[in-house]
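Architecture and fold: a report
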Amino acid sequence: MQDYERKQLLERVNRDGATIGADIPEEITIQDESIDLRQFVFEIKRRETVPAGERERVEQAKRNLRRERVERLELIEEGDISREEGEELVRSIVGIDRALNALENLGPTDLEREQQAQNTADKKRWMSFLKKALGRDTDAGTRRGR
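Residues numbered from 1 in each chain as written. Predicted model: local features only at pLDDT ≥ 70, side-chain atom pairs only at ≥ 80, totals over all residues. Heavy atoms only, no water.

Digging into the overall build of the protein chain
For the protein chain, the helix and strand inventory stands at six helices and two strands. Reading the helices (α) and strands (β) of the protein chain from amino to carboxyl end gives α-β-β-α-α-α-α-α. Within the protein chain, the fraction of its 146 residues that count as buried is 32%. A sequence separation of at least 24 residues applies to 66% of the contacts in the protein chain between residues at least 6 apart. Carbon together with sulfur atoms contributes 45% to the accessible area of the protein chain, which is approximately 10,500 Å² in total. (Helix = DSSP H or I, 4+ residues; strand = E, 2+ residues; numbered from the N terminus. Buried < 20%, exposed > 50% of the residue type's maximum accessible area, 1.4 Å probe, protein only. Contact = heavy atoms within 4.5 Å. Areas by Shrake-Rupley, 256 points an atom, 1.4 Å probe, with all protein chains shown as cover.)

Okay, structure coming up:
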C-alpha cells in the first residue's frame with residue numbers, strides 16, 4: 001500500500017462523524033475470541049440502566065474494544081497490508097467506534113448518585129421558588145428600587 005493510501009484510510013477513521021450511518025459489526029474477534037458485538041450492545045442498551053452485576057462486564061468490553069481499536073489503527077499505520085485489507089480495517093474500526101459510542105452513552109449506571117443529583121436539583125428549585133414567593137429574589141429587588 002502506498003503512503004498516500006494509508007493517509008486516506010487514517011483520515012477516514014479519524015474524521016468527525018465517521019460513525020454516522022455506520023453499523024456495529026455483527027461479530028468481532030478480540031484476542032482470538034469471537035464476540036457477538038451487535039447483540040451485546042443492543043442487549044445492554046435495551047435496559048434503562050446497567051445493573052450492578054453488568055457494569056464491570058460493560059467496562060471490560062469497552063477496555064477491550066479500545067485496545068482492539070488501537071491495534072487495528074497501528075496495523076493501518078505501520079502494517080504490511082493491502083489496500084483491501086486497509087479498507088476492511090477502516091470499516092471494523094468505525095464499527096468499533098460506533099459500538100463504543102453506544103456503550104459510552106448508556107443511561108445512568110449509579111442510581112444512588114442519580115437520585116442524589118435529582119434531590120439537589122429539587123432543593124435548588126424549591127429554594128428559588130421560596131425566594132421569589134417571599135420577595136427576596138435579587139431580580140425582583142432591583143426592579144422595585146427603580
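What about the layout of surface pockets?
Considered as a void within the structure, the largest pocket measures approximately 170 Å³ in volume. Where the lining of the largest pocket is concerned, the elements lending two or more residues are helix H2 (37-46) and helix H3 (52-78). No other element matches H3, which puts five residues into the lining of the largest pocket. Counted by class, the lining of the largest pocket contains six nonpolar, two polar and one charged residues. (1 Å grid on protein atoms, 1.4 Å probe; cavity = no way out; pocket = protein on both sides within 12 Å on 5 of 7 lines; lining within 4 Å. Points joined across faces, edges and corners; volume = space filled by probe spheres on them. Nonpolar A, V, L, I, M, F, W, Y, C, P; charged D, E, K, R; others polar.)

Topic: the side chain of Arg-6
Structurally, Arg-6 is set in helix H1 (residues 3-14). Of the polar contacts made by the side chain of Arg-6, one reaches the backbone oxygen of Gly-79; its length is 2.9 Å. Not counting the four nearest positions on each side in its chain, Arg-6 is found in contact with Met-1, Leu-75, Ile-76, Glu-77, Glu-78, Gly-79 and Ile-81. (Polar contact = N/O pair within 3.5 Å; in protein donor to acceptor, adjacent residues only side chain to side chain.)

Concerning the packing of H2 against H3
Closest axis-to-axis distance for the H2/H3 pair is 12 Å, and the angle between their directions is 140°. By the angle between their axes, H2 is oblique relative to H3. Of the two elements, H2 crosses H3, and the hand of that crossing is left-handed. For the pair formed by H2 and H3, the contact residues are Leu-37, Phe-40, Glu-43 and Ile-44 on the first element and Glu-54, Arg-57, Val-58, Ala-61 and Leu-65 on the second. Grouping the amino acids of the contact of H2 with H3 by side-chain chemistry returns six nonpolar, no polar and three charged. (Axes fitted to C-alpha atoms, helices over the stretch in contact; angles between N-to-C directions. Parallel < 35°, antiparallel > 145°, perpendicular 65-115°, else oblique. Left-handed = near helix turned anticlockwise from the far one by under 90°.)

Topic: H2
Those residues of H2 that sit buried are Leu-37, Phe-40, Val-41 and Ile-44. Seen along its axis, H2 keeps its buried residues to an arc of 95°; they face one direction. Contacts made by the buried residues of H2 are with strand E1 (28-30), strand E2 (33-35), H3 and helix H4 (83-104). (Arc of directions from axis to C-beta.)

Quick look at the packing of H3 against H4
For the pair H3 and H4, interaxial distance at closest approach is 10 Å and the crossing angle is 155°. When the axis of H3 is compared with that of H4, the two are roughly antiparallel. Our pair here, H3 against H4, has a crossing hand that is left-handed. Contacts between H3 and H4 pair Val-58, Lys-62, Leu-65, Arg-66, Glu-68, Arg-69, Arg-72, Leu-73, Leu-75 and Ile-76 from the former with Gly-86, Leu-89, Val-90, Ser-92, Ile-93, Ile-96, Asp-97, Ala-99, Leu-100, Leu-103 and Glu-104 from the latter. By residue class, the composition of the contact of H3 with H4 is 12 nonpolar, two polar and seven charged.

Looking at a negative patch on the surface
On the surface, Glu-71, Glu-74, Glu-77 and Glu-78 cluster together into a negatively charged patch. The exposure class of Glu-77 is partly exposed, given its relative accessible area of 38%. (Patch = residues over 30% accessible without salt bridge, like charges linked within 9 Å, V, L, I, M, F, W, Y side chains within 5 Å. Salt bridge = Lys/Arg side-chain N within 4 Å of Asp/Glu carboxyl O. Lys, Arg positive; Asp, Glu negative; His and termini not counted. Charge placed at Lys NZ, Arg CZ, Asp CG, Glu CD.)

The values reported here are purely geometric and, on their own, carry no functional implication.
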